[in-house]
Amino acid sequence: MIEYLGLFPEEIKLKMEQIGEKSFRAKQIFSWLHKGVTFDEMTNLSVSLREKLKENGIDQPVSIQSIHESKLDGTKKFLFSLRDGNCIEGVLMRYHYGCTLCVSTQVGCRMGCLFCASTLDGCVRNLTAAEILGQVMCANSTLNGEKVHNIVLMGSGEPFDNYDNVIRFLKLVSHPEGLNISLRHISLSTCGLIDKIRQFADENLPVTLSLSLHAPNDVIRKKIMPIAKRYSIQETIDACKYYLAKTGRRIVFEYALIDGVNADEKQANELADLIRGMQCHVNLIPLNTVKERNLNGVSGKQVQLFLDTLEKRHISATRRREMGDDIEGA
């Protein structure tokens, strides 16, 4: 079955020609799909065309199974259903500048980072571009006229482990005849597949790159991130510098503070030495406890000490605002 939501107008045009329909229908179908509309709701298409589309195609490949809304800040956690019975999660956060949606790129994840619950059962499969985009359509359907303004590829999955579908998604979601979300409003988080970081830099897409660093040296990083056994921390930093040089966009280093592992003042100074001179920002994340791995977060006092140490070393850093904590969406 054809996932029409994952096609560009010119690709839909070819499909129209193959089934004996006028090519101008392609733009109509593309526009409808990016409004979250099903084939049956495309009222300016003939009944016969709608039937043809349903015979060999899928309109909206993702549906909402359930929504949990935070009583603290209005954050919504979605459980999305896929057509094959798999489920993924997404989180919608409201800020003064608009709505931000965290999307998944895989069912599960095979990267094995100890602090991440989404990797506990491994990776079931990659999501298609249509399935990634479908999460945005579903979220928009709950916003009463508002639209998702920012996107973070930071749900389950390693985006660069699903490279081709992620690139197609980025080009679709920013398409001027579709949702037209600026790529500058999109962040992509990777644990550090350095060959893909370099390839992504060459795509010339002005996306913010977030690197899950989480350690100031190879010894600690290897304990909590299997990817560190493949690429050294210096190789990873060098790939980030390549991205900076190619795009001119600063890197965001994600750093989850884990009690007794990577969160003391010495490690803050070591981190400052590692990234000194780079156009970057450090996003400090108080870890949510991962019972399965016996990993615990740190106190607010420890977070502040780490933050103060970085700032004294002239490293731009903030503590991530925690949202949706009461619905396990933080």
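A brief report on the enclosed structure follows. (Residues numbered from 1 in each chain as written. Predicted model: local features only at pLDDT ≥ 70, side-chain atom pairs only at ≥ 80, totals over all residues. Heavy atoms only, no water.)

### Thoughts on helix H3 (residues 47-56)
Right, so step 1: Looking at H3, one finds that the buried residues are Leu49, Arg50 and Leu53. Down the axis of H3, the sector holding all buried residues measures 100°, keeping them to one side. Seen from the open side of H3, the exposed residues pointing more than 90 degrees away from its buried face are Val47 and Glu55.
Right, so step 2: Residues of H3 that are buried make contact with helix H1 (9-18), helix H2 (25-33) and strand S2 (57-58). (Buried < 20%, exposed > 50% of the residue type's maximum accessible area, 1.4 Å probe, protein only. Helix = DSSP H or I, 4+ residues; strand = E, 2+ residues; numbered from the N terminus. Arc of directions from axis to C-beta. Contact = heavy atoms within 4.5 Å.)

### Re the packing of helix H5 (residues 163-173) against helix H6 (residues 194-203)
Right, so step 1: At a minimum axis separation of 12 Å, H5 and H6 run at an interaxial angle of 25°. The pairing of H5 with H6 is recorded here as roughly parallel in orientation. Seen along the crossing, H5 lies across H6 with a hand that is right-handed. Of H6, the residues touching H5 (which contributes Tyr163, Ile167, Leu170 and Lys171) are Lys196, Gln199, Phe200 and Glu203.
Right, so step 2: When grouped by side-chain class, the residues that make up the contact of H5 with H6 number four nonpolar, one polar and three charged. (Axes fitted to C-alpha atoms, helices over the stretch in contact; angles between N-to-C directions. Parallel < 35°, antiparallel > 145°, perpendicular 65-115°, else oblique. Left-handed = near helix turned anticlockwise from the far one by under 90°. Nonpolar A, V, L, I, M, F, W, Y, C, P; charged D, E, K, R; others polar.)

### Quick look at the pairing of strand S13 (residues 280-286)
Right, so step 1: For S13, the buried fraction is high: seven of the seven residues fall into the buried class.
Right, so step 2: By the alternation rule, side chains of S13 split into Cys280, Val282, Leu284 and Pro286 and His281, Asn283 and Ile285, which are all buried.
Right, so step 3: With seven bridges connecting them, strand S12 (residues 251-257) and S13 associate as parallel partners. From the neighbouring strand, alanine 256 faces S13, where its bridge partner is isoleucine 285.
Right, so step 4: In this region the chain leaves S12, passes through helix H9 (residues 265-275) and returns to the parallel neighbour S13; the handedness of that crossover is right-handed.
Right, so step 5: As paired elements, S13 and strand S14 (residues 317-319) share three bridges and run parallel to each other. Residue pairing in the sheet places valine 282 in a bridge with alanine 317 of S14. (Pairing = 2+ DSSP bridges. Right-handed = clockwise from strand over helix to strand, strands pointing away.)

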